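Analysis of the macromolecular model
Listed below are the residues making up each chain.
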Amino acid sequence: MASSELSEDRKRVKILIIGAGMAGLSAANHLAKNGMTDFLVLEASNKIGGRIFSAQTGKHRLELGANWIHGVLGNPLYEIAIANGLIDIVHVPKPHRIVAATEDGKQVPFGVLQEMYQAYVCFLRRCEEYFLCQYLPPEGINSVGEHLGLEMTLFLEKVSDPAQRHLRSLIFRCLLKRETCIAGCHSMSDIDLMQLGSYTELQGGNIALPSGYSSILEPVSRLIPPENILKKHPVANIKWRYCEEILLGNSVVSPGTDSGIDLQGLGDPGNESDDSDVTVTGETPAETSPNSSRESSSEKECTSVVENIKPDVSINVSAEGGSKGNISESCMESKTDEHCLGTQDGSKTVSYSNSRRKKNRKRRSQQPNVEVVCENGQQFYADHVICCVPLGVLKAQASQMFSPPLPQFKLKSIDKLLYDTVDKIFLEYDRPFLNPEVSEVMLLWDSEECCSEATEMKNKWYRKIYSFSKISETLLLAWISGKEAEYMETLSHEEVAETCTDILRKFLNDPFVPKPRSCICTTWGSQPYTRGSYTAIAVGASQDDIDNVAQPLYSNDQQVKPVVLFAGEHTHSSFYSTVHGAYLTGRSAAQILLAPDSPEELILEADEDASDLSSWIQGIALQ
């Protein structure tokens, strides 16, 4: 069904999912699998999959986005791929032979390269240990790059020959560039040392899908009704206290007279407002544990602002906010219509009747909690929203995307986390020119790789390319990260192809290296619906910031389930930066909304003859 023909009743659903990347598809798939189809997925682009993007060019399939399934044991994507025949389990990968060369075209002995790689891996593992161990790094060492630099300095002091010392330093710098593409950063000095070990690496290595990573999207989205995914619907605003605004009459036009949608389902377009004018806003202290329980949500730390207080509403308001801003517990627990009275520290109190509270709860249950407005002007209404927007988009738009704005603790954590650019450069040739036994050429640049000034970027950006790896005999792949990747995105593909040809001719010491037939470069940094590649924990950030971003939102303290849930790789505290992390968070968000409003109680009855609990327990036979 075309979006322009979308019926008005389809714009009011139980659940809205924003983003059809892996997290959004996982959430929708889990809902559909459990018989819940009253949902819509709003996708900004014209395709599903998000940062999963396989493209065909000639006889080659290019992975423009996610490259591998990271790990086997405990990876749900690997299980899906196996169940759907997407992995060739009898395929034996070709041997990976690496050649490392300097700018003058001299190749490094493989023994030296192997020695340096083993030392580097050892240094990196020591960095990861700080996350779990009690000891602290040397004073003044806060980043992974600083610690690796210190380790390398101590290692090179043992090499007496200056030429050999210099050669090993070049290899070390090349490995650091490679690590920035793995971690997703401009420099390893951007990655927090104490948090490096927070990422959990699943065993089994990196698995490529022969038919392309995009092939995983079919089984993940198979159960989702096609009409439930609306493409080209970028979201402009999420009014996540829409129900409260309607009830409180905060200058909100009744949607019954605006869009013609009967949001209450009562055939009444008038939609009466509540009798109180209460708006709940707030900020969670940094010390709270965001995912521990419902009580640690931002709504439990809210400040209530009361305007035009009615004489039959009881709310304590303090200058500091906090618990005094909530409806008193004694009043909430009252089973009569009597007033709950009392003052505390001079704060205003008025009464709230039980019958009116029941009436307001009924109205809330009939009103949509959220209004989502798309850039094309279409409005959608739902009880819950699962926001699967990438962290890069949240960094750029979170302060304007949500109404009211997100709590400050969440905005601060979004800002603290790192979401940099990692790009790929594909070079396709008419004929092979590399030795068939060589699978990768490492580039040992002889000068500093970092480009601090924009004026230097034109002549130095390509020094961030650390290698060219062979995808096939006629297809090469180069990776580039950080500011250099962002600059590369501004260049034409022809200019990038010429630069890469010059690099290969220099390092291979071969002036006859052909120009590629085609050059394809990714542009994840400048893509408006991604604005980067994947999440990392920057210096000064921690897993707590990921948990803060993941923390759901409740628009009032009477709600059993959250109004807004967050999913995506940036919301998984140990699988961030991975597709399986995105998948798991989307599934978890759907599970929360599918769960019953009240948990089932398990009642154990003791034997009537038992005199006390201990004697009853002793009668249980343990097997």
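Quick look at the structure, then. (Residues numbered from 1 in each chain as written. Predicted model: local features only at pLDDT ≥ 70, side-chain atom pairs only at ≥ 80, totals over all residues. Heavy atoms only, no water.)

**Describing the overall build of the protein**
- Tallying secondary structure elements over the protein gives 18 helices and 22 strands in all.
- Looking at the protein as a whole, 52% of its 623 residues are labelled buried.
- A separation threshold of at least 6 residues defines the contact pool for the protein, and within that pool the share at least 24 residues apart is 75%.
- In the structure as shown, the protein presents an accessible area of about 29,600 Å², 51% of it carried by carbon and sulfur atoms. (Helix = DSSP H or I, 4+ residues; strand = E, 2+ residues; numbered from the N terminus. Buried < 20%, exposed > 50% of the residue type's maximum accessible area, 1.4 Å probe, protein only. Contact = heavy atoms within 4.5 Å. Areas by Shrake-Rupley, 256 points an atom, 1.4 Å probe, with all protein chains shown as cover.)

**What to know about the pattern of salt bridges**
- Counting across every chain of the model gives 17 salt bridges.
- The residue Asp545 makes a salt bridge to Lys416 at a minimum N-O spacing of 3.5 Å. Of this pair, Asp545 sits in helix α16 (residues 543-550) while Lys416 sits in helix α12 (residues 408-416); the two residues are 129 residues apart in sequence, bridging distant segments of the chain.
- Take Asp545: its relative accessible area is 4%, and that puts it in the buried class.
- As a salt-bridge pair, Glu484 and Lys464 come within 3.0 Å of each other at their nearest N and O atoms. On the criterion of sequence distance, the pair formed by Glu484 in helix α14 (residues 482-488) and Lys464 in the loop between α13 (454-460) and β18 (467-472) is long-range, its members being 20 residues apart.
- When salt bridges with common partners are traced through the structure, they connect Arg12, Lys14 and Asp383 into a single cluster. (Salt bridge = Lys/Arg side-chain N within 4 Å of Asp/Glu carboxyl O.)

**Quick word on the environment of Leu31**
- Within the secondary structure layout, Leu31 lies in helix α1 (residues 22-33).
- Sequence separation between Leu31 and Leu593 is 562 residues, and the spatial gap between their C-alpha atoms is 8.8 Å.
- Those residues in contact with Leu31 that lie beyond four places of it in its chain are Ile15, Ile17, Met36, Phe39, Ala590 and Leu594.

**Topic: the packing of helix α3 (residues 110-129) against helix α5 (residues 162-183)**
- One can describe the packing of α3 onto α5 by two numbers: an axis separation of 10 Å at closest approach and a directional angle of 55°. Put simply, α3 runs oblique to α5. Where α3 crosses over α5, the handedness of that crossing is right-handed. Seen from α3, the contacting residues are Val112, Leu113, Glu115, Met116, Tyr117, Tyr120 and Leu124; seen from α5, they are Gln164, Leu167, Arg168, Ile171, Phe172, Leu175, Leu176, Arg178 and Glu179.
- Residue composition of the contact of α3 with α5, grouped by class: eleven nonpolar, one polar and four charged. (Axes fitted to C-alpha atoms, helices over the stretch in contact; angles between N-to-C directions. Parallel < 35°, antiparallel > 145°, perpendicular 65-115°, else oblique. Left-handed = near helix turned anticlockwise from the far one by under 90°. Nonpolar A, V, L, I, M, F, W, Y, C, P; charged D, E, K, R; others polar.)

**Looking at the sheet that holds strand β19 (residues 475-481)**
- Strand order in the open sheet formed by six strands is β6-β17-β18-β19-β16-β20, and the pairing between neighbours is mixed. The open sheet has two edge strands, β6 (98-102) and β20 (518-521), and neither has a second partner. Pairs of neighbouring strands in the sheet enclose a mean axial angle of 20°, with direction left out of account.
- Here four bridges tie strand β16 (residues 422-428) to β20, and the two strands are oriented antiparallel to one another. Bridge pairing in β20 links Ile425 to Cys521.
- Sitting on the sheet, helix α15 (residues 493-507) is in contact with β6, β16, β17 (440-444), β18, β19 and β20, with an inclination near 110° to β20. (Pairing = 2+ DSSP bridges.)

**Topic: the pairing of strand β3 (residues 54-57)**
- Sheet topology places β3 next to strand β4 (residues 60-63); four bridges connect them, and they run antiparallel. By the bridge assignment for β4, Gln56 is matched with Arg61.
- The hairpin turn running from β3 into β4, its antiparallel successor, is two residues long, and Gly58 in that turn takes a positive phi close to 60°.

**Side note on helix α11 (residues 391-401)**
- Those residues of α11 not exposed but buried are Leu391, Gly392, Val393, Leu394, Ala398 and Met401.
- Packing partners of the buried residues in α11 comprise β9 (235-239), β14 (402-403), α12, β15 (418-420), β21 (534-536) and α16.

**Concerning the packing of aromatic side chains**
- Summed over all chains, the structure comprises eleven aromatic pairs.
- Here Tyr429 and Phe433 contribute two aromatic rings whose centre-to-centre distance is 4.8 Å and whose plane-to-plane angle is 65°, an arrangement assigned as edge-to-face.
- Directly above the aromatic system of Phe53 lies the positively charged group of Lys47, at a separation of 4.9 Å from the ring centroid.
- One residue, Lys410, lies across the ring of Phe566, its end atom 4.3 Å from the ring centre. (Phe/Tyr/Trp six-rings, centres within 6.5 Å; stacked < 30°, edge-to-face > 60°. Lys NZ or Arg CZ within 6 Å of the ring centre and 35° of its normal.)

**Some remarks on a negative patch on the surface**
- A contiguous patch of negative charge, built from Glu494, Glu495, Glu498 and Asp502, is present on the exposed surface.
- Turning to its location among the elements, Asp502 is positioned in helix α15. (Patch = residues over 30% accessible without salt bridge, like charges linked within 9 Å, V, L, I, M, F, W, Y side chains within 5 Å. Lys, Arg positive; Asp, Glu negative; His and termini not counted. Charge placed at Lys NZ, Arg CZ, Asp CG, Glu CD.)

**Some words on a nonpolar patch on the surface**
- Among the surface-exposed residues, Ile82, Ile89 and Val90 lie close enough to one another that they form a single nonpolar patch of about 310 Å² accessible area.
- Assignment of secondary structure puts Val90 in the loop between α2 (76-83) and β6.
- Looking at Val90, the relative accessible area reads 65%, which means it is exposed.

**What to know about the packing of α11 against α12**
- Running from N to C, α11 and α12 point in directions that differ by 135°, and their axes come no closer than 9 Å. Overall, the two elements α11 and α12 adopt an arrangement that is oblique. Seen along the crossing, α11 lies across α12 with a hand that is left-handed. Contacts between α11 and α12 involve Leu391, Leu394, Lys395, Ala398 and Ser399 from the first element and Leu411, Ile414, Asp415 and Lys416 from the second.

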